[in-house]
Amino acid sequence: MDEDRDHRGRSRFTLTDTEHGRTWGVCSVVDGLFTEPARGTYELFGWVPEGAGPHGWVGPRAWLVPEDGTLDPWLLGDAETLRPLPKTGSLVLAGEDDYEGPPEGYRGPVRAHDGHRWLGSCREFTRVLPTVRALPPLVLRGLAPGDELRAVLAKGTRKALDLEEVSLEIKDDRGDPLVDCVLWAKVEAWGPSPHGIGLIDLELGRYHTLVPEHARPIWERWFTGPPEAPAAWTGMGTRERGAWLDLVQQRACRRTHHGRAAGHAYELDGRNITDEPGLYLALGEAVNGPGGYFGGCLDALDDCLGGTFGYTAPATLLWRNAGTARAHLSQRLTPNGQRYDLFAEALQVLAEGGMNVTLA
């Protein structure tokens with residue numbers, strides 16, 4: 001159960017109608033917020049690893065690149081191998097499948113990489129269609145229904161119970177906005193709740209995962225409020241850092257940011273920039289303090305430098321321990337597998353956005 005155990009977040013969840021802004025109801029407990037997303041599965045035949053090859057969790061992104069140079073690569077997000085690689089034979093790779101998937105009709109040789117290194121290649125592959133499974137319902141327990149929801153439930157028709165697009169607005173224990181989860185939902189069941197008189201338990205059918213299960217510890221940490229000191233993410237692996245960055249970005253987009261005067265001096269602690277999420281988490285905290293956001297990719301960083309999220313050009317940035325980022329980010333791969341230097345490109349984007357960077 002996704003529960004506020006200390007009972008401080010009695011109105012943590014608010015269900016609203018995205019089209020008209022109506023509040024359907026408010027509650028403190030939601031079941032089904034965290035679920036395992038549907039994953040695409042590929043069996044890669046005649047697999048030949050490069051270096052150590054992939055084992056277990058591969059990374060936040062794995063690109064499958066057709067050997068036919070005229071075809072586009074496709075993406076598996078949050079990719080992992082499903083069973084140990086035999087000495088000869090195939091590799092089974094699974095992940096959140098790119099909505100486009102492999103090029104139509106192509107099943108020939110592919111080469112795979114994780115955005116950092118080449119993993120290996122195969123002579124052909126097959127796409128294993130996942131078993132169709134219904135997602136568990138989203139159950140809002142102890143919901144105080146609004147008048148509009150009461151009217152919908154009283155009507156009870158299939159059309160009325162289809163709430164269409166809704167937003168589950170989530171606050172932390174301090175009552176501050178944390179994230180919005182948008183979904184298409186319909187009422188499947190409801191009834192009196194043991195949580196209190198006049199409250200109901202509302203069961204919603206939905207069509208996609210809201211938050212992946214591996215992000216649960218990160219969200220539960222943020223439910224208590226933002227970190228009070230910087231670098232709370234530094235002991236995490238890349239997967240957990242990515243979940244932290246996703247939440248930081250979503251939270252930042254719900255908040256009002258006041259610009260600083262031009263000429264502000266920032267200092268970046270670069271000791272823990274060992275991966276891409278670490279780069280943006282460190283930048284976010286350098287500009288906006290503990291738990292702060294300042295871009296989650298180069299395009300988003302460029303947008304932030306345009307005058308959002310508290311920044312006003314020109315400014316200065318002292319980047320301490322820059323060698324750590326240079327060592328870990330200089331050799332990256334584009335989706336097609338071309339080499340590029342993420343560290344150098346980040347410096348260029350900062351400079352073009354009016355940030356005078358000194359490396360130390």
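Structure shown above.
Residues numbered from 1 in each chain as written. Predicted model: local features only at pLDDT ≥ 70, side-chain atom pairs only at ≥ 80, totals over all residues. Heavy atoms only, no water.

### Points about unusual backbone geometry
- That bond from Ala 313 to Pro 314 is cis: its omega, -5 degrees, falls within 30 degrees of zero.
- Examined against the element boundaries, Pro 314 turns out to sit in the loop between α6 (298-305) and β20 (315-320).
- Residues other than glycine seldom take positive phi values, yet Ala 231 does so here, at roughly 70 degrees.
- Among the secondary structure elements, Ala 231 is positioned in the loop between α3 (216-223) and α4 (238-252).
- Positive phi, normally seen in glycine, also occurs at Phe 309, with a value near 55 degrees. (Helix = DSSP H or I, 4+ residues; strand = E, 2+ residues; numbered from the N terminus.)

### Details of the sheet that holds β20
- Pairing is parallel across the open sheet formed by three strands, whose spatial order is β19-β20-β23. Pairing within the sheet leaves two strands with one partner each, and these edge strands are β19 (265-269) and β23 (355-359). Averaged over neighbouring strand pairs, the angle between their axes works out to 20 degrees when direction is ignored.
- The sheet strands contacting helix α5 (residues 276-288) are β19 and β20, and the helix crosses β19 at an angle near 145 degrees.
- Strand contacts of helix α8 (residues 342-352): β20 and β23, with the helix running at about 140 degrees to β23, the strand carrying the most contacts. (Pairing = 2+ DSSP bridges. Axes fitted to C-alpha atoms, helices over the stretch in contact; angles between N-to-C directions. Contact = heavy atoms within 4.5 Å.)

### Describing the nonpolar core
- Core analysis: the largest hydrophobic core is formed by 73 residues, its most contacted members being Leu 33, Leu 140, Ile 170, Leu 202, Trp 219 and Trp 319.
- A per-element tally of this core places α5 first, with seven residues.
- When neighbours within four sequence positions are excluded, Leu 202 is seen to be in contact with Leu 15, Leu 138, Val 139, Leu 140, Leu 143, Leu 149, Leu 153, Val 187, Ala 189 and Trp 190.
- Within the second largest apolar cluster, 17 residues are counted, among which are Leu 64, Tyr 106, Cys 122 and Phe 125. (Core = buried A, V, L, I, M, F, W, Y, C linked by side-chain atoms within 4.5 Å. Buried < 20%, exposed > 50% of the residue type's maximum accessible area, 1.4 Å probe, protein only.)

### With respect to the pattern of salt bridges
- Scanning the model with the defined rule gives 20 salt bridges in all.
- With a shortest N-O distance of 3.5 Å, Arg 39 and Glu 80 are connected by a salt bridge. Here Arg 39 is found in the loop between β5 (34-35) and β6 (40-45), whereas its partner Glu 80 is found in strand β9 (residues 74-81), with 41 residues between them in sequence.
- Overall, Arg 39 belongs to the buried group, its relative accessible area being 17%.
- Owing to a relative accessible area of 26%, Glu 80 belongs among the partly exposed residues under this scheme.
- The partner of Asp 275 in a salt bridge is Arg 241, and the shortest N-O contact between them spans 3.0 Å. Taken together, the residues span a long stretch of sequence, with Asp 275 in the loop between β19 and α5 and Arg 241 in helix α4 at a distance of 34 residues. Assigned by exposure class, Asp 275 and Arg 241 land together as buried. (Salt bridge = Lys/Arg side-chain N within 4 Å of Asp/Glu carboxyl O.)

### Observations concerning the side chain of Arg 241
- Judged by its relative accessible area of 3%, Arg 241 is buried.
- Separated by 3.0 Å, the side chain of Arg 241 and the backbone oxygen of Thr 234 make a polar contact.
- Among the polar contacts made by the side chain of Arg 241, one reaches the main-chain carbonyl oxygen of Met 236 at a distance of 3.2 Å. (Polar contact = N/O pair within 3.5 Å; in protein donor to acceptor, adjacent residues only side chain to side chain.)

### Comments concerning α5
- An ideal rise of 1.5 Å per residue puts 18 Å on 13 residues; α5 measures up with 18 Å between its terminal C-alpha atoms.
- With 12 of 13 residues buried, α5 is to be regarded as a mostly interior element.
- Buried within α5 we find Glu 276, Pro 277, Gly 278, Leu 279, Tyr 280, Leu 281, Ala 282, Leu 283, Gly 284, Glu 285, Ala 286 and Val 287.
- One side-chain oxygen at the N-terminal end of α5 lies 2.9 Å from the backbone nitrogen of Gly 278; it belongs to Asp 275.
- Among the residues trailing α5, Gly 289 stands out with phi positive, at a value near 80 degrees. (Expected span 1.5 Å × (residues − 1).)

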